[in-house]
Amino acid sequence: MGVIQNIWRASLCFLVAALLISSVKCEDPYKFFTWNVTFGTIYPLGVPQQGILINGQFPGPQIDSVTNDNLVINVYNSLDEPFLLSWDGIQQRRNSWQDGLMGTTCPIPPGRNFTYQFQVKDQIGSYFYFPSMYMHKAAGGFGGLKIASRPRIPVPFPDPAGDYTVLIGDWYKTNHSILRQTLDMGSSLGMPDGILINGRGSNSTSFTVDQGQTYRFRISNVGLASSLNFRIQGHKMKLVEVEGSHTVQNTYESLDIHLGQSYSVLVTADQPPQGYYIVVSTRFTSPILTTIGFLSYSNSQTSPSGPLPYGPTDEVDWSLNQARSIRWNLTASGPRPNPQGSYHYGNITTSRTIRLANSPPMINGKQRYAVNSVSFNPPDTPLKLADHFKLQGVFSLGSIPDNPTGGGGYLQTSVMAADFRAFVEIVFQNNEDTIQSWHLDGYSFFVVGMDGGEWSQASRKDYNLFDTVARCTVQVYPNSWTAIFVALDNVGMWNVRSQNWARQYLGQQFYLRVYSPAESWRDEYPIPRNALTCGQAQGRRTRP
C-alpha cells in the first residue's frame, strides 16, 4: 500500500507541474509503515519469556529514511495494556505532539491504533525507537532508525560496502510487569542477567564481511541500566558520526557507549580471512557482564580463535579522555550543504544557566529518584494537552528550580519554563558513585565540558568552545559534572530524563516547556486531528 501511495504522490506532483507549465516543487517524500504490536514468546537469553514484538519481530523493524522524509507510522496496539512509542534523538521540529511520551501524548489504548506523522527535518544519522511506558522497554519493542544524507549532500567518507545496525543493551529475564511491580514497591532491580546484540545473547549474532571492504556499523545502546564497551578482535573502528553529527575520524580499539547513545563507525575487513570475536561488556559494574558476537569473513569458514579482546581496565579516566576526544568535523556537511561548524556556538552568549543535580531520595518509605530534589509525578493528563486546552491543576510552571536545593526529595509534576530562541547553559551535577546518562528530547546540544568534582563558574575556562560534538544524550561520570549549550529553537513540551530506565520510571525526569507567545503555526504545528485525548482532556475536540 505504501509503495502505491508513494507512486500516486509522485505522479500527482509531475502532473501538476506539467499542467501549470511552471516550476513546481513537490512535497518531500512520504514513507508509510503499518505496525502491529503484540506480546510473544522470545528467548534472548535462552529461556522463554514474554516479549513485545512489532509485526512479529524482536527487535522491531528497521526504519530507513533520508533527510526531510515524512514518516507516517500507523501503530496498532494489540497488547492488553496501553502503549506508546518514542523516537530517541529525532528532533520533532515544531511537533512535540509526536514525541511519544506520557507527558506529551495519550497512550494508545488496547485494541486501538494511532498514526504517528513527523518529518526527519534537517537530520542525518543513527537513532532508535523504543516503548516509553510501563517498563515496556524491558520487554522489547525497540528498533533501529537511520537517516541517510540526501544524494546531493556530500558525506565525508566513501560509501561503505554494507551498513549494519547493531542494537546492544543489558537485559533481564524477568517479565517487564514484575520489574515494574518491583520498582513500585520501592525495591531495586539488581544487576541485569545478560547483554544482547540485536536481541540475542552470546554466540548468536554474526556480521558477514568481504575481505578488503569497509563497512558501517551503527551501534546504539538500547539497554536499561548499563554503560557498555564495544570492540572487535583485531580490527580498528573509525568513528564517523554520533547522533546526527559527523565527527573527526579518530580511530579506536574499543568504544564506551553509554545508555541511550548511538555511534557510527567504519570497520575495514583488512585481516586474514577467518572469524573474529565481537565483544560487548558492561562498564562501571561488578561483576562485569559480557556477550560475544562474530565478524565473519565471507571467504573463510574458520572460527574465531585466541583470547577475547580486552576492554579498558581503567574506569573513569580512560572513558573521560575518550569522550573528550570526540570532536565535531567542522568541514563536513550535515543535512545541508553548508559545513557543520558554520554554527559558531562558542561565540554566542548564554542567557541562562540551569544546574541539575540527580539524587536518590526515599519518599513515603520508597526508593525514588529526583532532579533538584523533585521526583516527577506523572499526571493522568499529558502536559502538552493540558497546556493546549488550558486545563487547570495539571501542572504549574516553575515547579522545579533552576538550581539544586540540597533538600530532601518530594513528588511534583515538574515543569520548567523556557523562552523560545534562548541560548542556555545546562550543567548536570552527579554527586553519586554511579554513572548517569541524560537525554533532552527535541534537540541536539553541544557538550562543552565534563570533569570530576563540583562544577563552578571557574569550570568554564576549560570549556571546548570550538569543535565539541553536537548530540542528544550525554554521560555524567560518578562524582562529576557535564555541561552543555543548547539553542532553544524548537517550541514544545520536551522531556529531560535519565536514560537509566528504572531512574526515569521512578522520577528522574522533568519537562521543559519552550514557549513562543506568538502561538503561530510558523513556530509550532497545531494539535493533530487524530490526537488521542485522556484524563481531564478526555472527549475534547482537537481541531474543527
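For the structure, check the block above.
Throughout what follows, the structure given in this document is the object of discussion. (Residues numbered from 1 in each chain as written. Predicted model: local features only at pLDDT ≥ 70, side-chain atom pairs only at ≥ 80, totals over all residues. Heavy atoms only, no water.)

1. Some words on the state of the cysteines
Per the stated rule, a full pass over the model turns up one disulfide. A sulfur-sulfur separation of 2.1 Å characterises the disulfide bridge that pairs Cys106 with Cys534. Where Cys106 bonds to Cys534 through sulfur, the torsion about that S-S bond is close to -90°, and the disulfide is left-handed. In this pair, Cys106 sits in the loop between strand E5 (85-88) and strand E6 (113-119) while Cys534 sits in the segment after strand E36 (509-515), placing the two residues 428 residues apart along the sequence. Comparing Cys106 with Cys534, the two get one shared label, buried. (Disulfide = S-S within 2.5 Å. Helix = DSSP H or I, 4+ residues; strand = E, 2+ residues; numbered from the N terminus. Buried < 20%, exposed > 50% of the residue type's maximum accessible area, 1.4 Å probe, protein only.)

2. Structural notes on helix H3 (residues 316-325)
Taken together, the buried positions of H3 are occupied by Ser319, Leu320, Gln322 and Ala323. Considered in projection along H3, the buried side chains sweep an arc of 160° and stay on one side of the axis. Contacts made by the buried residues of H3 are with strand E16 (251-252), strand E17 (254-257), strand E19 (275-283), strand E31 (445-452) and strand E33 (473-476). (Arc of directions from axis to C-beta. Contact = heavy atoms within 4.5 Å.)

3. Description of empty space enclosed by the protein
In the structure shown here, the tally under the stated rule is six cavities of 30 Å³ or more. What the largest cavity holds in volume is close to 80 Å³. Taken together, 14 residues line the largest cavity, and the ones lying closest to its centre are Phe142, Gly169, Asp170, Trp171 and Val222. The element that contributes the greatest number of residues to the lining of the largest cavity is strand E9 (residues 162-171), accounting for five residues. A breakdown of the residues in the lining of the largest cavity according to their chemical character gives eight nonpolar, four polar and two charged. (1 Å grid on protein atoms, 1.4 Å probe; cavity = no way out; pocket = protein on both sides within 12 Å on 5 of 7 lines; lining within 4 Å. Points joined across faces, edges and corners; volume = space filled by probe spheres on them. Nonpolar A, V, L, I, M, F, W, Y, C, P; charged D, E, K, R; others polar.)

4. A few points about the sheet that holds strand E8 (residues 143-148)
Spatially, the four strands line up as an open sheet ordered E3-E8-E7-E5, and their pairing is mixed. Each end of this open sheet is capped by a strand with a single partner; those strands are strand E3 (63-66) and E5. Here the strands of the sheet are splayed against their neighbours by 25° on average, with no regard to which way each runs. Looking at chain direction, E3 and E8 are connected through four bridges and run parallel. The residue of E8 that forms the bridge with Ser65 is Ile147. (Pairing = 2+ DSSP bridges. Axes fitted to C-alpha atoms, helices over the stretch in contact; angles between N-to-C directions.)

5. Some remarks on the pattern of salt bridges
All chains considered together, the criterion is met by 23 salt bridges. A salt bridge links Asp64 to Lys146, with the nearest nitrogen and oxygen atoms 3.9 Å apart. Of this pair, Asp64 sits in strand E3 while Lys146 sits in strand E8, placing them 82 residues apart in sequence. Judged by relative accessible area, Asp64 falls into the partly exposed class, the value being 39%. Of the residues examined, Lys146 reaches a relative accessible area of 18% and is grouped as buried. Note that Arg352 is salt-bridged to Asp402, the shortest N-O span being 2.9 Å. Placement of the pair is Arg352 in strand E21 (residues 352-359) and Asp402 in the loop between strand E26 (396-397) and strand E27 (410-412), with a sequence separation of 50 residues. With relative accessibility at 23%, the residue Arg352 sits in the partly exposed group. (Salt bridge = Lys/Arg side-chain N within 4 Å of Asp/Glu carboxyl O.)

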